[in-house]
Amino acid sequence: MPISKDISLDLQERVGSAAESKTPLQLIGGNSKEFLGRVPAGEPLMVNAHKGIVDYSPSELVVTARAGTTVSELQNLLAEENQVLGFEPPEFQGQATLGGTLATNLSGPARPWRGSIRDAVLGVRLINGLGEHLRFGGVVMKNVAGYDLSRFQAGAFGTLGIVTEISLKVAPKPAAEQTVCLARDQVSALDLMTKLQNKPVPLSGLLWIDGILYIRFSGAEAAVQSAAKRIGGERLMDKEATEFWMSVREFTHPFFSGPQPLWRYSVKSSCADFDKTPVLIDWGGGLRWTREAASMEPMRQFTEAGNGQVSCYRGGDRQGEVFQPLPPGLMRLHQRLKHAVDPLQLFNPGRLYADL
Amino acid sequence: MANLKLQLLTELLKILPEAGIIQDEETLRPYECDGLSIYTEMPLMVVLPDSVEQVQKIIRLCSRLETPIVPRGAGTGLSAGAMPHREGVVVSLAKFNRILSIDADARQARVQPGVRNLAISEAAQEYGLYYAPDPSSQIACSIGGNVAENSGGVHCLKYGLTVHNILALEVVTAEGDILRIGNQGYDSCGFDLLSLYIGSEGLLGIVTEITVKLLPVPETTKVVMATFDRVEKAGDAVKQIIAEGIIPAGLEMMDRLAINAAEDFVHAGYPRDTAAMLLCEIDGMAEEVDEHIARVSAVFNKEKAGCIRVAADENERQRLWKGRKAAFPAIGRISPDYYCMDGTIPRSQLTKVLTTIQSLSDIYQLRVANVFHAGDGNLHPLILFDANVAGELEKTEEFGGKILELCVDAGGCITGEHGVGVEKLLQMPYQFDPASLEQFQRVKLACDPQRILNPGKGIPQLKHCQEYRSLSQASVGRHADK
Ligand SMILES: Cc1cc2nc3c(=O)[nH]c(=O)nc-3n(C[C@H](O)[C@H](O)[C@H](O)COP(=O)(O)OP(=O)(O)OC[C@H]3O[C@@H](n4cnc5c(N)ncnc54)[C@H](O)[C@@H]3O)c2cc1C
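Computed from a predicted model, the values in this text were never measured in an experiment.

## Here's the deal with the packing of helix H7 (residues 221-231) of chain A against helix H10 (residues 286-302) of chain B
Packed helix pairs are characterised by how far apart their axes lie and by the angle those axes make with each other. Put simply, H7 of chain A and H10 of chain B touch, their axes get as near as 7 Å, and they point 175° apart. One finds that H7 of chain A runs roughly antiparallel with respect to H10 of chain B. Here Glu221, Ala222, Ala223 and Ser226 of chain A of H7 of chain A come into contact with H10 of chain B, specifically with Glu287, Glu288 and Glu291 of chain B. A per-class count over the contact of H7 of chain A with H10 of chain B returns 2 nonpolar, 1 polar and 4 charged.

Next up, the structure:
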């Protein structure tokens, strides 16, 4: 069991005094994702000491943990019961916390089939800008009482308060897993990705890089065997396969290194190929990464007409906007909602957008 | 009021053709309630816009005149969410009934809110795709209503709720602005507004367009039925299946009263002399389905099921489901009225909660039938009563309230899929503390500063909560007297 410590009262007090002195706070969990979002501002407030498992009921497929618990600790605990976090979050050398993972809504290669952390969230506890410790959602699979302010935290980069506790739906570890590779150029890889996703096969990964399409199946042994056989291609050894998917999830794959800014496109999976190099395509076409010295504006051409959205994941100008700018109406709504939860704008000012 | 009505009418006629405005009592009557007909109210009028511009203008007009707006889909809701406001206008989305496009390659469809849930899967069928969330009301309910309630269904155990199956929304705000939320990709930058709007019961905006995710139709689907001589054993079997690492496509439970009512009604082939029955559906590739059906059957055996039957063919599978799907109307045949509750509990609490409900049923002298989503822990106790017997409705409501509180006490919540509406306002403070309720109110005001969208629903005003607390004190006192 990971170490357990409840510092929520301290945190509430910190918010109270920040409110009094009108001092904005920069929330820091494991500090594994400082590079993400716009440059942090405000007085640093470490929240990772608030940690530990509050409840874990394997037969309910539900775990509740304090937000400072690291993803690695949680995964280890789940592994003992043959369960996993379906959304495959990066662990960033054991530093990533659950709270940070929710705030950034990061999910790994299985996301199209097993959902994101947002999809797994059942409930949260949250300290708002008034220093109140609130509870939304719960520990059950279905709960539609009140507005869903728990999933609402996903991707908010901590601008909507200090998430102190998270209840998540967990998944049984797939009985079997297999990865096969096929040599394909980008256009035909995308084409095959579309075809495969339109078939009822137990996919859990579809990724293309450097002329190779990686196809991962997960599920019951017999189903995985038969699906992989139907595809053909070259089978990766289990160890090799695990390492490969891990390198993508953890951003340690060579593609992600280098000085140029790293761009992330979440787009409609069947979007045309990107005429850029280098490109990495994940999520069956739904997530595309490029590296290039460019600014936000020209990158947006790929995400026009609601096709998707672009953000600058790492590097580049982090004083400017790093997430695709919102149209004025949506920005206004964001500001009002922010005000509804954090009226003094204490939490992570400007981390998500300059005007938020 | 007459003045306001006249003014509204004059202005509405500039926005809509005469046929798009209903104001005579006879035609208004069917709109007085939703599927929960114990709550009724007549609106000033009902309007039927057919374009987003009309919706926009209607909202702006109502905002100017500070007139309440109640959005309405198909009116199958079970919490009086679409019940009209006496001084307000019902905005029916019935004319927004087009499937705008199906993008088979991206497995998504753009639809208008008035499209029936089932119609989406029917239209997607030619591409080998379907829309997964399937409320039992799917032949009638609208996708807009599903979005507003975050509806669930039999297959949500494996495929998630509405919130897990929507990619984008077009929403007209309380101020008449058009917002596009989400996109055709998986993630969005900024706040997760989809989560906020889905399940917001028409309190934050009117949804005018929806992009849904479609899934490939599974290769094979099989169902296994098992009966148990004690409800407890069925509850244990549910727990055991999940603990096995199997996620069934659906896992439903019915009790003796429900089984027999359904059997009388549609002759599904259920064994009658049994305390509880489980229907467990598995879908996927043939190999996987066979393996899991075998393992589920083994669990049933271990839990000493009486009869275990795997549907031999598609016909038999359909018949087994028919009984489940017809269960509500079937109960309607054996009682003048019934009242459907909707709490969710952790699965481990199933037996305990069902037993307590039974003892409450004895105390209140009202029969209860159970038909529900056991895999999700989402209970639907149906309280049987007769509204023509003086005091019986009030007794039923009190009993229902107790069931919801029981669900909260067991670690669950007061509504799993039907929403709060008017019906469960009283129980909201049982689940949420005052600060959380106030937080909801501030979120509401951020989206609807004049509170013109579906006022009096979903989130109680704090003064209600105080009334509630004194009320429940009083009722505790009453029972102690007995
Ligand atoms: C027999 C029966 C079985 C049922 N089974 C299930 C079930 O298995 N699972 C389940 O979840 N529910 C079930 N329901 C409840 C109901 O069908 C769902 O809540 C459904 O989603 C309501 O859809 P509707 O179109 O009828 O909405 P309505 O009843 O018309 O409205 C519901 C709410 O949504 C709002 N609304 C409607 N359209 C819009 C819009 N376009 N924009 C904004 N707000 C809007 C309304 O104001 C109201 O608050 C069942 C109901 C019945 C009668």
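## Some details on the environment of Leu426 of chain B
Residue and element names in this part refer to chain B. As for its placement among the helices and strands, Leu426 is situated in the loop between helix H14 (392-409) and helix H15 (428-431). The exposure class assigned to Leu426 is partly exposed, which follows from its relative accessible area of 40%. Along the backbone, Leu426 and Gly401 are 25 residues apart, and their C-alpha atoms lie at a distance of 8.3 Å.

## Remarks on the site of the ligand
Residues and elements named next belong to chain B. Neighbouring the ligand are 33 residues, the closest being Pro71, Gly73, Thr76, Ser137 and Ser142. With respect to the ligand, the backbone of Gly75 contributes an N or O atom lying 2.8 Å from an oxygen atom. Between the ligand and the protein, one listed contact pairs a nitrogen atom with a side-chain N or O atom of Glu417 at 3.0 Å. Out of a free accessible area of 970 Å², the ligand has 94% covered by protein chains. When contributions to the shell around the ligand are tallied by element, the ones reaching two or more residues are strand S3 (69-72), helix H5 (143-149) and strand S10 (206-213). If you tally residues by element for the shell around the ligand, the top one is H5, at 5 residues. Of the residues assigned to the shell around the ligand, the class counts are 12 nonpolar, 17 polar and 4 charged.

## Let's talk about the sheet that holds strand S6 (residues 121-127) of chain A
In any sheet, the strands associate via hydrogen bonds between backbone groups, in a parallel or an antiparallel arrangement. All names here are of chain A. Read across the sheet, 5 strands follow the order S3-S4-S8-S6-S7 without closing on themselves; strand pairing throughout is antiparallel. Of all the strands in the sheet, just strand S3 (53-57) and strand S7 (133-137) have a single pairing partner and so form its edges. Within this sheet the neighbouring strands show an average axis-to-axis angle of 10°, counted without direction. Bridge count between S6 and strand S8 (residues 162-169): 6 bridges; the pairing is antiparallel. Its bridge partner being in S8, Gly123 is matched across the sheet by Ser167. Helix H1 (residues 8-21) contacts S6, S7 and S8 of the sheet and is inclined by roughly 55° relative to S6.

## Some remarks on helix H10 (residues 328-341) of chain A
Its 14 residues give H10 of chain A an end-to-end C-alpha distance of 20 Å, which sits within 8% of 20 Å, the value for a rise of 1.5 Å per residue. Those residues of H10 of chain A that fall on the buried side of the exposure criterion are Leu330, Met331, Leu333, His334, Leu337, Lys338, Ala340 and Val341 of chain A. Buried residues along H10 of chain A sit in contact with strand S9 (178-182), helix H7 (193-197) and helix H16 (434-447) of chain B.

## Focus on the interface of chain A and chain B
On the side of chain B, 87 residues touch chain A, which itself brings 81 residues to the contact. For the pairing of chain A and chain B, the buried interface totals around 6600 Å² over both sides, and the portion due to carbon and sulfur atoms is 57%. Counting across the interface, chain A meets chain B through 10 salt bridges. Between Asp187 of chain B and Arg264 of chain A there is a salt bridge, and its shortest N-O distance comes to 3.0 Å. Applying the counting rule to chain A against chain B returns 28 residue pairs in polar contact (both at pLDDT 80 or more). Those elements that provide at least two residues to the side of chain A that touches chain B are helix H4 (111-114), helix H5 (117-120), S7, helix H6 (186-197), H7, strand S14 (262-267), strand S17 (308-314) and H10 of chain A.

## What to know about the nonpolar core
Of all hydrophobic cores here, the largest spans 191 residues; its most connected members are Leu168 of chain A together with Leu196, Tyr197 and Phe300 of chain B. Among the elements that line this core, the one with the most residues is H14 of chain B, at 7 residues. Dropping the residues within four chain positions of it, Phe300 of chain B is found in contact with Val224, Ala226, Phe228, Ala237, Ile241, Leu278, Cys280, Ala305 and Ile308 of chain B.

## Comments concerning the domain arrangement of chain B
All names here are of chain B. If you check the domain split of chain B, you get domain 1 (2-92), domain 2 (99-216), domain 3 (220-330) and domain 4 (338-367 + 383-480). One C-alpha centre belongs to domain 1, the other to domain 4, and the line joining them spans 27 Å. In total, about 1400 Å² of surface goes out of reach between domain 1 and domain 4, with carbon and sulfur atoms giving 62% of it. Considering only the surface of domain 1 that becomes buried against domain 4, Ile38, Leu78 and Ser79 emerge as the three largest contributors, covering 36% of it. For the pair domain 1 and domain 4, the number of links is 0 salt bridges. For the interface between domain 1 and domain 4, the tally reads 10 residue pairs in polar contact (both at pLDDT 80 or more). Of the residues contributing to the side of domain 1 that touches domain 4, the split by class is 13 nonpolar, 5 polar and 1 charged.

Definitions and limits used
Residues numbered from 1 in each chain as written. Chains lettered and ligands numbered in written order. Predicted model: local features only at pLDDT ≥ 70, side-chain atom pairs only at ≥ 80, totals over all residues. Heavy atoms only, no water. Axes fitted to C-alpha atoms, helices over the stretch in contact; angles between N-to-C directions. Helix = DSSP H or I, 4+ residues; strand = E, 2+ residues; numbered from the N terminus. Parallel < 35°, antiparallel > 145°, perpendicular 65-115°, else oblique. Contact = heavy atoms within 4.5 Å. Nonpolar A, V, L, I, M, F, W, Y, C, P; charged D, E, K, R; others polar. Buried < 20%, exposed > 50% of the residue type's maximum accessible area, 1.4 Å probe, protein only. Near = heavy atom within 4 Å. Polar contact = N/O pair within 3.5 Å; in protein donor to acceptor, adjacent residues only side chain to side chain. Areas by Shrake-Rupley, 256 points an atom, 1.4 Å probe, with all protein chains shown as cover. Pairing = 2+ DSSP bridges. Expected span 1.5 Å × (residues − 1). Buried area = accessible area lost by both parts, 1.4 Å probe. Salt bridge = Lys/Arg side-chain N within 4 Å of Asp/Glu carboxyl O. Core = buried A, V, L, I, M, F, W, Y, C linked by side-chain atoms within 4.5 Å. Domains from an automatic or database assignment.

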